[in-house]
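What follows is the residue order along each chain.
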Amino acid sequence: MALRKIKENIYNVGAIDWDRTLFDELVPLPEGTSYNAFIVKGSEKTAMIDSVEPAKQEEFVRNIKEYGLERLDYLICNHAEQDHSGLIPLVLEMFPEARLVTNEKCKGFLQDLLPIDEERFDIVKDGDILSLGDKTLEFIFAALVHWPETMFTYLREDRILFSGDFLGSHLATSETFSRDDAQTQMAAMRYYAEIMMPFRAMIQKHLKKLENYEIEMVCPVHGPVYKNPEFIMNLYREWTSDQVSNKVIIPFVSMHGSIRTVVEHLTDELSRRGIEVIQINMIESELGKLTSELVDSATVVFAGSTVLTGPHPTMVYAAAVINALRPKLKNVALLTSFGWASKCTDTMKVLLPNFKNQIFDSYDFKGHPKAEDLERISELADQILERHQALGLL
Ligand code: FEO
């Protein structure tokens, strides 16, 4: 994808990855992704903000050449992860005069990850500014709005926030700017769920801090640029708020139909009580379905078969994902079917340390569910109803 103009003297020389299907060997990318790198030209100096994924070197270099960049004074690194830092050594080689501008913590990470000469670094502190002549860059530290070294760069005169991964989306598109449509919202929500959700509290804090800045445009490193920052900022305010929805997610796996019977029964019982249910078949569903639903759900009920005496591996996977992403769940319950013995409940509790206070019920039943088992599931639906009522959800 060619060079894209953001505004006079501001260009995106990054690359679009239409074909990438997996990030971190974990996160599915149904819409591909992009790696944005921005050139900001002032009256006296020129800066580049972030680089791109090494696999996209050819496109990145082509765009730099198309721009006609002859001198680069500053390469700013907002975040050390390799999909944005990986080509820093190349840029420093192409522009021997360029200074690598970042914070102390990020410098340490970059030195761990990449071969970069100590002499090339200029270290900035929170609130420091860097003049490009008629343009001024301000550095805003945002530790743990992703990684511990994360920072934003704010271009004062143009009121543009270069936000790094924050507010981004895994969305390959030829459009430079967000259409603020359902496709963008869905991609941004998946991205929030899979990348940003564990940092919800820090994001809340930094959304407040950013209210002190006049922001006319947000340039993240993945996905389109937002000309209407309120579109994405309001979504983040909603997603990171403490408010949950009247919704129950049921990640399940059923080896011989017993769990499926129970899941169907629970779905019917919850639905009759006015509660939305999302079934996630852990064999058929991709990760993004589970993570997206976790953004606002009030309750999760794990429902899994026993393998030997432990939980089915897909339940272990679901528990590990949910525990790591720390969604704002209020209630967690555990259901298991077993043949001769089960330690599933104990194991699942160990796998969910971040939700030990939210686990309110567990039920193990032997073989195919009998009438008394289904009655017990109806009681679980009653408990969930009471809990949702207590939260003011219905
Ligand atoms: Fe897109 Fe944290 O890297």
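Keep in mind the model is a prediction, meaning the values are calculated, not measured. (Residues numbered from 1 in each chain as written. Predicted model: local features only at pLDDT ≥ 70, side-chain atom pairs only at ≥ 80, totals over all residues. Heavy atoms only, no water.)

**Overview of the pairing of strand E21 (residues 331–338)**
Part 1 of the argument: In terms of burial, E21 is a largely internal element, 8 of the 8 residues being buried.
Part 2 of the argument: Alternating residues of E21 divide into Asn-331, Ala-333, Leu-335 and Ser-337 and Val-332, Leu-334, Thr-336 and Phe-338, and every residue in both groups is buried.
Part 3 of the argument: Bridge count between strand E19 (residues 297–307) and E21: 7 bridges; the pairing is parallel. The residue of E21 that forms the bridge with Gly-304 is Thr-336.
Part 4 of the argument: Relative to strand E22 (residues 359–366), E21 is paired through 7 bridges, and the arrangement is parallel. Its bridge partner lying in E22, Val-332 is registered against Ile-359.
Part 5 of the argument: For the handedness criterion, the β-α-β arrangement of E21, helix H11 (residues 344–351) and E22 is classed as right-handed. (Buried < 20%, exposed > 50% of the residue type's maximum accessible area, 1.4 Å probe, protein only. Helix = DSSP H or I, 4+ residues; strand = E, 2+ residues; numbered from the N terminus. Pairing = 2+ DSSP bridges. Right-handed = clockwise from strand over helix to strand, strands pointing away.)

**Structural notes on helix H4 (residues 104–113)**
An α-helical segment advances 3.6 residues per turn. Residues three or four places apart therefore align on the same side.
Part 1 of the argument: Buried within H4 are the following residues: Cys-106, Lys-107 and Leu-110. Considered in projection along H4, the buried side chains sweep an arc of 105 degrees and stay on one side of the axis. Residues Glu-104 and Asp-112 are exposed on H4 and point more than 90 degrees away from its buried face.
Part 2 of the argument: Among the structural elements, helix H2 (82–85), helix H3 (88–94), strand E10 (99–102) and strand E11 (121–123) are those in contact with the buried residues of H4.
Part 3 of the argument: Capping the start of H4, Asn-103 holds a side-chain oxygen 3.2 Å from the backbone nitrogen of Lys-105, two or three residues further along. (Arc of directions from axis to C-beta. Contact = heavy atoms within 4.5 Å. Polar contact = N/O pair within 3.5 Å; in protein donor to acceptor, adjacent residues only side chain to side chain.)

**Some remarks on the domain arrangement of the protein**
Many analyses report the size of an interface as the accessible area lost when the parts associate.
Part 1 of the argument: Split into domains, the protein comes out as domain 1 (4–240) and domain 2 (249–385).
Part 2 of the argument: Taking only C-alpha atoms into account, the centre of domain 1 sits 38 Å from that of domain 2.
Part 3 of the argument: With 13 residues of domain 1 at the contact, the number on the domain 2 side is 13 residues.
Part 4 of the argument: A combined buried area of about 1100 Å² lies between domain 1 and domain 2, and 65% of that area is made up of carbon and sulfur atoms.
Part 5 of the argument: There are 1 salt bridge connecting domain 1 and domain 2.
Part 6 of the argument: Where Glu-286 meets Arg-190, a salt bridge forms, and the shortest distance between an N and an O atom there is 2.8 Å.
Part 7 of the argument: Elements that contribute at least two residues to the side of domain 1 that touches domain 2 include exactly helix H5 (182–196) and helix H7 (229–240).
Part 8 of the argument: Across the side of domain 1 that touches domain 2, the residue classes tally to 8 nonpolar, 1 polar and 4 charged. (Domains from an automatic or database assignment. Buried area = accessible area lost by both parts, 1.4 Å probe. Salt bridge = Lys/Arg side-chain N within 4 Å of Asp/Glu carboxyl O. Nonpolar A, V, L, I, M, F, W, Y, C, P; charged D, E, K, R; others polar.)

**Some thoughts on the sheet that holds strand E1 (residues 4–7)**
Part 1 of the argument: The 7 strands lie next to each other as E1-E2-E7-E8-E9-E10-E11, forming an open sheet whose pairing is mixed. The sheet is open, and its two borders are formed by E1 and E11, each paired with just one other strand. Direction aside, the axes of adjacent strands within the sheet are offset by 25 degrees on average.
Part 2 of the argument: Strand direction decides the pairing type here: strand E7 (residues 38–41) and strand E8 (residues 46–49), joined by 4 bridges, are antiparallel. Considered in E8, the bridge of Val-40 is made with Ala-47. (Axes fitted to C-alpha atoms, helices over the stretch in contact; angles between N-to-C directions.)

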